[in-house]
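Per-entry structural report
The primary structure of each chain is shown beneath.
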Amino acid sequence: MVAREYDFWLLDLDGTLIDIEPTYISSVFDRVSDRLGREFTEYESEIIWHGLGGSRDAQLREWGIDPPTFWDAFHSIEDPQLRAEHTFLYDDAAFVADLDCPVGLVTHCQQFLTDPVIDRLGIRDWFDTVVCCDEQMGWKPDPAPIKYAMAEMGVEKTDRGVLAGDGSSDIGAAWNTGLDAVHVERHDPHRRNQCVLGDYRVNSFDELWSNAGQAIEYTD
């Protein structure tokens, strides 16, 4: 079993262990559009919410949108409790509860949104540490948040670890920290317009157990 190969696990949250009902995403971007005076298509909303194009800030700049202005509007609109009510846990994420080693969560989701979500889903006790990236901490693929989580978990530099996530920033963060990387693809890869590789590449975490020990790569 792949889990037994590692001394510790780190995981992303949104798009990896959990996801949001599409109607909620649409409602948020409708209000952001009203606030910024710039309409977002369904596909554009999907790209930003799920980070399908890589760096969200880079994508916003490409569209001529100032990232700080966008995120200020975005976060002022979101209702943490409402978001939590529209969040669901992927069935294949249940393996995390059975990991017999230190487990950490490293997410770009802000603390005021993360806390209600993981509490409502009842998964806080899955993790030995929960790290929410910010300007001070750094953003994946910067290894700083990963190193901080590792320090919080008390793991040794010589321990073998793995980071699992759904985005290229997760894979980059893993490799920049010297960890193995699992890319779980929750979307049609053609909608990403990019190829994301990892030491393991799966559509469901269940595949890790049926492909134990195999590195999985693909190209579009």
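Please refer to the structure placed before this passage.
In this report, we go over the structure that sits alongside the text.

A separate point is unusual backbone geometry. Cis peptide bonds are those with omega within 30 degrees of zero, and the linkage from Lys 140 to Pro 141 qualifies with 15°. Checked against the element boundaries, Pro 141 lands in the loop between β5 (129-132) and α7 (144-153).

Take the packing of aromatic side chains next. Each pair of aromatic rings is reported with the distance of its centres and the angle of its planes. Following the criterion strictly, the structure yields 15 aromatic pairs and no others. With centroids separated by 5.2 Å and ring planes inclined at 65°, the aromatic side chains of Phe 95 and Trp 209 adopt a geometry described as edge-to-face. With a gap of 114 residues between them, Phe 95 in the loop between β3 (87-89) and β4 (103-107) and Trp 209 in helix α9 (residues 206-210) connect regions that are remote in the sequence. Judged by its relative accessible area of 25%, Trp 209 falls in the partly exposed class. These aromatic residues form a ring-pair network of at least three members: Tyr 24, Phe 29, Phe 40, Trp 49, Phe 70, Trp 71 and Phe 74. Across the ring face of Phe 40, the terminal group of Arg 38 is positioned such that the distance to the ring centre comes to 4.8 Å. Directly above the ring of Tyr 90 sits Arg 186, whose terminal nitrogen or CZ lies 3.8 Å from the centroid.

The next thing to look at is the pattern of salt bridges. This structure, assessed with the given rule, holds 11 salt bridges. Across the pair Asp 170 and Lys 140 runs a salt bridge whose closest N-O atoms are separated by 2.7 Å. With Asp 170 in helix α8 (residues 168-176) and Lys 140 in the loop between β5 and α7, this residue pair connects regions lying 30 residues apart in the sequence. Take Asp 170 and Lys 140: they sit in the same class, and that class is buried. A network of salt bridges, in which partner residues are shared, links Glu 5, Arg 160 and Asp 180.

Now for helix α1 (residues 22-36). The end-to-end C-alpha separation of α1 is 21 Å, in line with the 21 Å expected for 15 residues at 1.5 Å each. Among the residues of α1, Tyr 24, Ile 25, Val 28, Phe 29, Val 32 and Ser 33 are the ones counted as buried. Contacts made by the buried residues of α1 are with β2 (18-20), α2 (42-50), α4 (67-77) and α5 (80-85).

This brings us to the pairing of strand β1 (residues 8-11). Residues Phe 8 and Leu 10 line one face of β1 and the alternating positions Trp 9 and Leu 11 line the opposite face, and both faces are buried. Across four bridges, β1 lies against strand β6 (residues 161-165) in parallel orientation. Paired with Phe 8 across the bridge in β6 is Gly 161. As judged from the three bridges shared by β1 and β4, these two strands associate in the parallel manner. For Leu 11, the partnering residue across the bridge sits in β4 and is Leu 105.

Each pocket or cavity is described by its volume, and for the largest pocket that value is around 900 Å³. For the lining of the largest pocket, the secondary structure elements donating two or more residues are α2, α3 (56-62), α4 and α8. Per-element accounting of the lining of the largest pocket gives the leading share, six residues, to α4. Contributions of two or more residues to the lining of the second largest pocket are made by β2, α1 and α2. A per-element tally of the lining of the second largest pocket places α1 first, with five residues. Considered class by class, the residues forming the lining of the second largest pocket number six nonpolar, five polar and five charged.

The subject of this paragraph is the sheet that holds β5. Spatial strand order, β5-β4-β1-β6-β7-β8: six strands in an open sheet with parallel pairing. In the strand order of this sheet, the two ends are held by β5 and β8 (200-202), each with one partner. In this sheet, neighbouring strand axes are inclined to one another by 20° on average, regardless of whether the strands run parallel or antiparallel. Contacts from helix α6 (residues 111-121) reach β4 and β5 within the one sheet, and its direction differs from that of β5 by about 145°. The strands touched by α8 are β6 and β7 (180-184); relative to β7, the strand with the most contacts, the crossing angle is about 170°.

What counts as what
Residues numbered from 1 in each chain as written. Predicted model: local features only at pLDDT ≥ 70, side-chain atom pairs only at ≥ 80, totals over all residues. Heavy atoms only, no water. Helix = DSSP H or I, 4+ residues; strand = E, 2+ residues; numbered from the N terminus. Phe/Tyr/Trp six-rings, centres within 6.5 Å; stacked < 30°, edge-to-face > 60°. Buried < 20%, exposed > 50% of the residue type's maximum accessible area, 1.4 Å probe, protein only. Lys NZ or Arg CZ within 6 Å of the ring centre and 35° of its normal. Salt bridge = Lys/Arg side-chain N within 4 Å of Asp/Glu carboxyl O. Expected span 1.5 Å × (residues − 1). Contact = heavy atoms within 4.5 Å. Pairing = 2+ DSSP bridges. 1 Å grid on protein atoms, 1.4 Å probe; cavity = no way out; pocket = protein on both sides within 12 Å on 5 of 7 lines; lining within 4 Å. Points joined across faces, edges and corners; volume = space filled by probe spheres on them. Nonpolar A, V, L, I, M, F, W, Y, C, P; charged D, E, K, R; others polar. Axes fitted to C-alpha atoms, helices over the stretch in contact; angles between N-to-C directions.

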